[in-house]
Amino acid sequence: MTITANSQLSNVFSQNLESITSKTDGSLPTLGAELVYTQDGAGRYLTFCWQYSELLGLNTEKIVDELNQTQTFAPVDKVSYLERLHRILTSLVPERFQCWFSYQKELFELDLAISPIMPSLGTTATTVLVMGRLIQATLNKKQPRVASKTPTQIELALRSQQHQKLVNRITRNIRRTLDLDIIWQQTVDSLGKALRLERCIICPYQPSSSKVQVKAEYRQPELKSMLGLDIDIASEPAFAQALATLEPVTMEVPGYKESGRQKTLVVATCYQDQANGLVALNWQDECYTLTESELELAKEAADQLGTAIAHATLYEELEIARQKAEEASRLKSEFLANVSHEIRTPLNGMIGFLKLILEGMADDPEEQNQFLAEAHHLSIHLLNIINDILDIAKIEAGKMELAYAPVKLDELFSHVEGFMRPQAEMRNLSFQMQMPATSDEIIVQSNYQRLLQVMLNLVGNAIKFTHEGGVTVSADLVLKKANFQVNFQEQQFPGMVRVRVADTGIGVSLDKQDKLFQLFSQVDGSRTRQYGGTGLGLAISQKLVEAMGGEVHFYSLGEGLGSTVTFTVPLYQQPVMVSSNDSDSTSSAEC
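These numbers were taken from a predicted model, which means no experiment stands behind them.

## Remarks on the nonpolar core
So, point 1. Counting residues in each nonpolar core, the largest one holds 48 residues, and the members touching the most others are Val473, Val497 and Phe567.
So, point 2. Not counting residues within four places of it along the chain, the set of residues in contact with Val497 comprises Leu409, Ile442, Val444, Ala475, Asp476, Leu477, Phe567, Thr568, Val569 and Leu571.
So, point 3. By size, the runner-up hydrophobic cluster in this structure holds 31 residues, among which are Val64, Ile88, Phe108 and Met118.

Here's what the structure looks like:
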């Protein structure tokens, strides 16, 4: 049953082909195959058409006679080929297989499909139609082996066709995704497998960097991986030349095998004439030298890859920007919720105390004065919140203007202590303030009110977030070397005063410390609700200190391990130290 069904299908197929094959050789290309020929049962060619005929030097007008007389284009294993031919003519079942053919000094691996042709129903088939394509071409193994040779025209045509298909496949792959890791890996895998490379790597490139890193790699199993390796561009002349010229660069390098050397092709990927990556291909020096057309194909593939990298990078940047915008929107929403709560709380308290007074709910003048004092305290708190909001608005708008003048550090510390010590004692915390031992006053160049605001903010935070233990405020001198002065506001100062606020409070985990000085950001929203505050204090303090020529730094070993905040301000004049020992101690802090 199977043979009969196959025979009927073959008959129908053969009738459709008969009108074509019975005409001329010129009709065969209409079948859509690069190689089409017909043969009889003895293997004699009846018609023959191959797109590489002219490259082989075959006379297209007399090609059939020439092939039959010289038997130059024939199967390597003729016996096996003829046996298959007879089997197809007998069974009437088409077959597809791969077969090596020889022509002069070259071998060709062909992918063939052979079908029987029957002139009419019920007649025995005597001829076959063969359609195929060229897989690869190589030297006849009987010829002397050479390390490198000039490719023939048919090999060049075949390689060009294969490479063009490879470029098209790479282009299709990189257009399917915007994930750079996938693009890079698919590209090196496609190049490595198709070209049978020893290794293929891709390195993204930034013009500001002198190094590139291997981000994707294809390699033979016996080779050591280079993935993640940093490569100095200056140490690789081919890399530097490819980046400078945006043209493919080939060079020979020592091979890892005993057989000799390797060849390397380096191509810079680019977008709008700006390099953004490097592709390096390594293969054994048994292959042909790359032709100009193949180098052009390599450059075309690199341009496609460079465009894909640029688009994917732009997409990543847009995605990061979108995420940052969403995060900023979330933080501002959270900030507004916290601020509205902070404003309503003292305002509601003020309204409540004043209402009690107006309604005559105070039992006596003393209680009435107490209500007024509480309302006044809440109004000051509300004013501070509003001032913080106005300050950050001025800072963001660049309209914060400060007047600078000499400020006595002991007066500043005394003022801070008067404000903060009662608050610390109410929470049963120790409170210490320490000044450097000097025989005269320590004077800094700053704005007194803003410097006081910074210290009250930092010390207030330390007290607020400390449940037990205490807070220590200290200062020390950081004197510069004699030949180097601190420059600020077009003036020179002999050094800096460093103020340190240390507490034994709740601390901050290492992974959250970078959020401390960000606007509208709290390390933990739940803590903000628990302890109160707008989250603007540290950000304002940092901006003010930087405007006064100093720096702010935060230190904490982790949650529950306390915190230390330091800030610096320019020293107006160098004070006289109390003793030489103290001077040596201070000098050891010089930088």
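More follows now that the structure is in view.
## Some words on the pattern of salt bridges
So, point 1. Enumeration according to the criterion identifies 14 salt bridges in this entry.
So, point 2. A salt bridge links Arg199 to Glu217; the nearest nitrogen and oxygen atoms lie 2.5 Å apart. Placement of the pair is Arg199 in strand S7 (residues 199–204) and Glu217 in strand S9 (residues 216–219), with a sequence separation of 18 residues. This pair shows no difference in class: Arg199 is buried, exactly as Glu217 is.
So, point 3. The closest approach of N and O atoms between Asp476 and Arg498, which form a salt bridge, is 2.9 Å. Of this pair, Asp476 sits in strand S17 (residues 470–479) while Arg498 sits in strand S20 (residues 495–503); the two residues are 22 residues apart in sequence, bridging distant segments of the chain.
So, point 4. Owing to a relative accessible area of 25%, Arg498 belongs among the partly exposed residues under this scheme.
So, point 5. Here the salt bridges do not stand alone but share partners, grouping Arg84, Arg87 and Glu95 into one network.

## Comments concerning the packing of helix H11 (residues 448–464) against helix H13 (residues 537–547)
So, point 1. Closest axis-to-axis distance for the H11/H13 pair is 10 Å, and the angle between their directions is 145°. Every pair of crossing elements has a handedness; the one defined by H11 and H13 is left-handed. Where H11 abuts H13, its residues Arg450, Gln453, Val454, Asn457, Leu458 and Asn461 lie against Gly537, Leu538, Ile540, Ser541, Leu544 and Val545.
So, point 2. Each residue belonging to the contact of H11 with H13 can be placed in one class, and the counts come to six nonpolar, five polar and one charged.

So, how was this worked out
- Residues numbered from 1 in each chain as written.
- Predicted model: local features only at pLDDT ≥ 70, side-chain atom pairs only at ≥ 80, totals over all residues.
- Heavy atoms only, no water.
- Core = buried A, V, L, I, M, F, W, Y, C linked by side-chain atoms within 4.5 Å.
- Buried < 20%, exposed > 50% of the residue type's maximum accessible area, 1.4 Å probe, protein only.
- Contact = heavy atoms within 4.5 Å.
- Salt bridge = Lys/Arg side-chain N within 4 Å of Asp/Glu carboxyl O.
- Helix = DSSP H or I, 4+ residues; strand = E, 2+ residues; numbered from the N terminus.
- Axes fitted to C-alpha atoms, helices over the stretch in contact; angles between N-to-C directions.
- Left-handed = near helix turned anticlockwise from the far one by under 90°.
- Nonpolar A, V, L, I, M, F, W, Y, C, P; charged D, E, K, R; others polar.

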